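# Secondary and tertiary structure notes
Below are the chains, spelled out letter by letter.
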Amino acid sequence: DRPDAAERMADTAPGPAALLEAASDARQLGQCMEGLSAQQRQSVALAFFDGLSHAEVASQLQQPLGTVKSWVRRALATLKTCLERAAQRDSALEI
């Protein structure tokens, strides 16, 4: 039941198509992030890219917790709308 040499050496890395799609998604996210206010962008970056809790973000930015929560909530709504529009544009181009 031990895997043979070919199975052990099999490449599990994503293929070129998956890498291209991931790069496209990252580029689109970056463009959508640019549409946020500086406070929203910084709050989202700290919370989601750096893994900080809302309380930690509030402490780091020296802002009230409720303010940070509002920034993050509004930012996520804006990002969702932006990414949905981009997906619709992309699907329209494929037709």
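Source: prediction; values computed, not measured.

### Concerning the overall build of the chain
The helix and strand inventory of the chain stands at five helices and zero strands. For the chain, with 95 residues in total, the buried portion stands at 20%. Taking the intrachain contacts of the chain between residues at least 6 apart in sequence as the baseline, contacts between residues at least 24 apart amount to 48%. Element-wise, carbon and sulfur atoms account for 54% of the exposed surface of the chain, whose accessible area totals about 7200 Å².

### Notes on the packing of helix α3 (residues 38-49) against helix α4 (residues 54-61)
The contact between α3 and α4 brings their axes to 9 Å, and the two run at 130°. In terms of orientation, α3 and α4 fall into the oblique class. In the crossing of α3 with α4, the sense of the turn from one axis to the other is right-handed. Note on element contacts: α4 touches α3 through His54, Val57, Gln60 and Leu61, opposite Gln42, Ser43, Leu46 and Ala47.

### A closer look at the environment of Gln28
One can find Gln28 in helix α2 (residues 16-34). Exposure remark for Gln28: the relative accessible area of 19% places this residue in the buried category. Each C-alpha atom, one on Gln28 and one on Cys82, is 8.9 Å from the other, the two residues being 54 residues apart in sequence. Leave out the neighbours within four places in its chain, and Gln28 touches Cys82, Leu83, Ala86 and Arg89.

### Some words on a nonpolar patch on the surface
A surface patch of nonpolar side chains, about 320 Å² in accessible area, is lined by Phe48, Phe49 and Leu76. Counting through the fold element by element, Leu76 comes out in helix α5 (residues 65-94).

Procedures and definitions
- Residues numbered from 1 in each chain as written.
- Predicted model: local features only at pLDDT ≥ 70, side-chain atom pairs only at ≥ 80, totals over all residues.
- Heavy atoms only, no water.
- Helix = DSSP H or I, 4+ residues; strand = E, 2+ residues; numbered from the N terminus.
- Buried < 20%, exposed > 50% of the residue type's maximum accessible area, 1.4 Å probe, protein only.
- Contact = heavy atoms within 4.5 Å.
- Areas by Shrake-Rupley, 256 points an atom, 1.4 Å probe, with all protein chains shown as cover.
- Axes fitted to C-alpha atoms, helices over the stretch in contact; angles between N-to-C directions.
- Parallel < 35°, antiparallel > 145°, perpendicular 65-115°, else oblique.
- Left-handed = near helix turned anticlockwise from the far one by under 90°.
- Patch = residues over 30% accessible without salt bridge, like charges linked within 9 Å, V, L, I, M, F, W, Y side chains within 5 Å.
- Salt bridge = Lys/Arg side-chain N within 4 Å of Asp/Glu carboxyl O.

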